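# Close look at the chain arrangement
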Amino acid sequence: MCQLFSPYNLFRSFEKFKRGKTNKIKLIEFSIDLEKNIFQLCKDINSGIYKPSKPRVFWVKDPKRRRIEAAPIRDRIVHHVLNSFLEKHLDKTLIYNSYGSRKNKGVLAATKRLNIYFRQESKNYSGKIYFLKCDIKKFFDNIDRDLLFSHLSNEINKINIEQNEKEMALKIIKKIIFFNNKNGLPIGNLTSQFFANFYLNGFDHYVKEKLGVKKYIRYMDDIICVSQNRDYLQSLIPFFKNYLSDNLKLELHPQKIKINSSRSGVDFLGYFLKPHYSIIRFKTRKRMIRMLKKTPDDKFANKFTGWYGYCKHANEYNFLKPYFKKLSLVSNKHILRTYF
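My aim in this report is to walk through the structure given alongside it, one point at a time. (Residues numbered from 1 in each chain as written. Predicted model: local features only at pLDDT ≥ 70, side-chain atom pairs only at ≥ 80, totals over all residues. Heavy atoms only, no water.)

Turning next to the overall build of the protein chain. When helices and strands are counted, the protein chain shows 15 helices and 9 strands. Oriented by its inertia axes, the alpha-carbon framework of the protein chain measures out at about 65 × 55 × 30 Å. Counting the 340 residues in the protein chain, one finds 46% classified as buried. In the structure as shown, the protein chain presents an accessible area of about 18,900 Å², 50% of it carried by carbon and sulfur atoms. Once the 67 positive and 30 negative side-chain charges of the protein chain are each reduced to a mean point, those two points are 7 Å apart. (Helix = DSSP H or I, 4+ residues; strand = E, 2+ residues; numbered from the N terminus. Buried < 20%, exposed > 50% of the residue type's maximum accessible area, 1.4 Å probe, protein only. Areas by Shrake-Rupley, 256 points an atom, 1.4 Å probe, with all protein chains shown as cover. Lys, Arg positive; Asp, Glu negative; His and termini not counted. Charge placed at Lys NZ, Arg CZ, Asp CG, Glu CD.)

Formed by 67 residues in total, the largest nonpolar core has its most connected members in F5, F139, F203 and F240. Looking at this core element by element, the count peaks at 8 residues for helix α4 (residues 73–90). The contacts of F203, once residues within four sequence positions are left out, are Y216, I223, F240, Y243, L244 and L248. Counting residues in each nonpolar core, the second largest holds 30 residues, with I217, L292, Y308 and C311 among its members. (Core = buried A, V, L, I, M, F, W, Y, C linked by side-chain atoms within 4.5 Å. Contact = heavy atoms within 4.5 Å.)

When their charged atoms lie close together, side chains carrying opposite charge are able to pair. Evaluation of the coordinates by the stated rule reveals 11 salt bridges. In this structure, R67 engages E69 in a salt bridge whose closest nitrogen and oxygen atoms are separated by 2.4 Å. With a relative accessible area of 7%, E69 lands in the buried category. Here D91 makes a salt bridge to R102, at a shortest N to O gap of 2.8 Å. (Salt bridge = Lys/Arg side-chain N within 4 Å of Asp/Glu carboxyl O.)

Bridge count between strand β8 (residues 271–274) and strand β9 (residues 277–280): 4 bridges; the pairing is antiparallel. Following the sheet pairing, L273 is matched in β9 by S278. Between β8 and β9, which pair antiparallel in sequence order, lie 2 residues; one of them, H276, sits at a positive phi of approximately 75 degrees. (Pairing = 2+ DSSP bridges.)

To continue, consider the sheet that holds strand β3 (residues 130–135). Here 4 strands make up an open sheet; going across it, the order is β4-β5-β3-β6 and the pairing antiparallel. Strand pairing shows two members of the sheet lacking a second neighbour, β4 (216–219) and β6 (258–261), which therefore form its edges. The sheet shows a mean angle of 20 degrees between the axes of neighbouring strands, taken without regard to direction. The pairing of β4 with strand β5 (residues 222–227) spans 4 bridges and is classified as antiparallel. The partner of I217 across the bridge, within β5, is I224. Docked against the sheet, helix α11 (residues 230–248) engages β3, β5 and β6, running at close to 20 degrees with respect to β3. (Axes fitted to C-alpha atoms, helices over the stretch in contact; angles between N-to-C directions.)

The next point concerns the state of the cysteines. As enumerated under the stated definition, the model contains 0 disulfides in all. The thiol of C134 is unpaired, and the distance to the nearest cysteine sulfur, on C225, comes to 6.6 Å. (Disulfide = S-S within 2.5 Å.)

Our focus in this paragraph is helix α1 (residues 7–18). Over its 12 residues, α1 runs 16 Å from end to end, which matches the ideal 16 Å to within 8%, given 1.5 Å per residue. By the burial criterion, the buried members of α1 are P7, N9, L10, S13, F14 and F17. Mapping the buried residues of α1 onto a view down its axis gives an arc of 160 degrees, with all of them on the same face. Against the buried residues of α1 lie α2 (25–32), α3 (34–47) and α4. (Expected span 1.5 Å × (residues − 1). Arc of directions from axis to C-beta.)

On to the packing of α3 against α4. Following both chains from N to C, one finds α3 and α4 inclined at 65 degrees, their axes separated by 11 Å at the closest point. With respect to α4, the axis of α3 lies roughly perpendicular. As for the relative orientation of α3 and α4, their crossing is right-handed in sense. Residues I38, L41, D44 and I45 of α3 pack against R74, I77 and V78 of α4. Taken together, the residues of the contact of α3 with α4 sort by class into 5 nonpolar, no polar and 2 charged. (Parallel < 35°, antiparallel > 145°, perpendicular 65-115°, else oblique. Left-handed = near helix turned anticlockwise from the far one by under 90°. Nonpolar A, V, L, I, M, F, W, Y, C, P; charged D, E, K, R; others polar.)

In this section: helix α9 (residues 190–199). When you tally the buried positions in α9, you get 8 out of 10 residues, the bulk of the element. Looking at α9, one finds that the buried residues are T191, S192, F194, F195, A196, N197, F198 and Y199.

Turning next to the packing of helix α7 (residues 145–156) against helix α8 (residues 163–177). Two numbers describe a pair of packed helices, the interaxial angle and the distance between the axes. Running from N to C, α7 and α8 cross one another at 165 degrees; their axes reach a closest spacing of 11 Å. Relative to α8, α7 is oriented roughly antiparallel. For α7 against α8, the interelement crossing comes out right-handed. Of the residues in α8, those in contact with R145, L148, F149, L152, S153 and I156 of α7 are K166, L170, I173, K174 and I177. Of the residues belonging to the contact of α7 with α8, the class tally is 7 nonpolar, 1 polar and 3 charged.

Bear in mind that shape data such as this cannot, by itself, settle questions of function.
Encoded structure:
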C-alpha cells in the first residue's frame, strides 16, 4: 500500500475538510459510515480503480459570473491529501512573491508587500512612481493540461521520496487534471488552486531571474510591478506577452494592462492604494452595501463579520461606522466586543 493515500492520511484529510461544515447533510451522511467509506476509498485508490466522480455545478456572481464545480466528499478528501503533498514538496519551488493559495501568504500579505514597494520606490512617498498591472485572459479556462502535467511530472520526479509514492501521486494528479474532455481547470477544486499557481511558476522565475524585475508580485493571475521608470514598465509588456504565449499558451487580457502613477493610486486585489492610506475598491464597497441591505437582522452579525475582516485592514472606519451602530442594535454585547 502507498503511504501517501494510507487510511491515516485519508482520515486526517477528512478532519481538515469537515472544519466549519458540520451541519452539511452530505457530510453527516458520509460520517455515519466514516470508517467504511474511508477504507473503501483507500482500497479504490491503491487498487487503481479510483476515478473522480461528477461534480455539482453551480454559478456565482463574485463580482463577475463564475462556473463553480464542487466535487463530492470522497474526491475532496483526495484533494486534501494531494494538496498537502504538493505544498510539502513543491511550494519551495515557487518564488517568495507568489501569494495565491499558499500558507502564510494571501491577499493581505500581497497588499502589505505592495505597500512596502510603494514606500521604497517613492522614497517614503516623496516621489512619483508607477505600477504596471495586468492579468491573464480567462486564466483557469485556458490552462493547457498537457503542459501542466508535464511541469508537475518534472518537479515531482526530482523529489527524494519512494518511487511508488511519486507514481501514485502522478497517477491521481493525472486523473484529476484530465477528468473531463474540456481544457483548463475547474474553479472550486482545492487542487486547482495549487495547479494554477504552479502553472505560472516558470513565468515568475523568468520575470525575476531573466528580466531582473525586482519589485514584482503575483497573486494567481493578477500581476503587478513597481518602478520609478514608466518606460521601463512599458518595455516589460512585450516580454510578458511573448513568454506567456510561447511557453504557456496564455494571453494577457488586453483591456487589463494598465500603467498608473502613484498620484492616481493603484487598484489591487480589492484594495485601492494611495500614499499613506488604502481603501476598499469602490465596486466592492457597493456590493457590500447592497448585500448588507438585504441581510435580515438575525443574520446581520455573521454577514458583517466577513466584510469587517476584509475592511479592517484599510482606512475604512468612517464607512463602517453606521454598520457598527446597526450591529449594536441587533447583537449582544459579547458579539459587539469582537469589533472594538
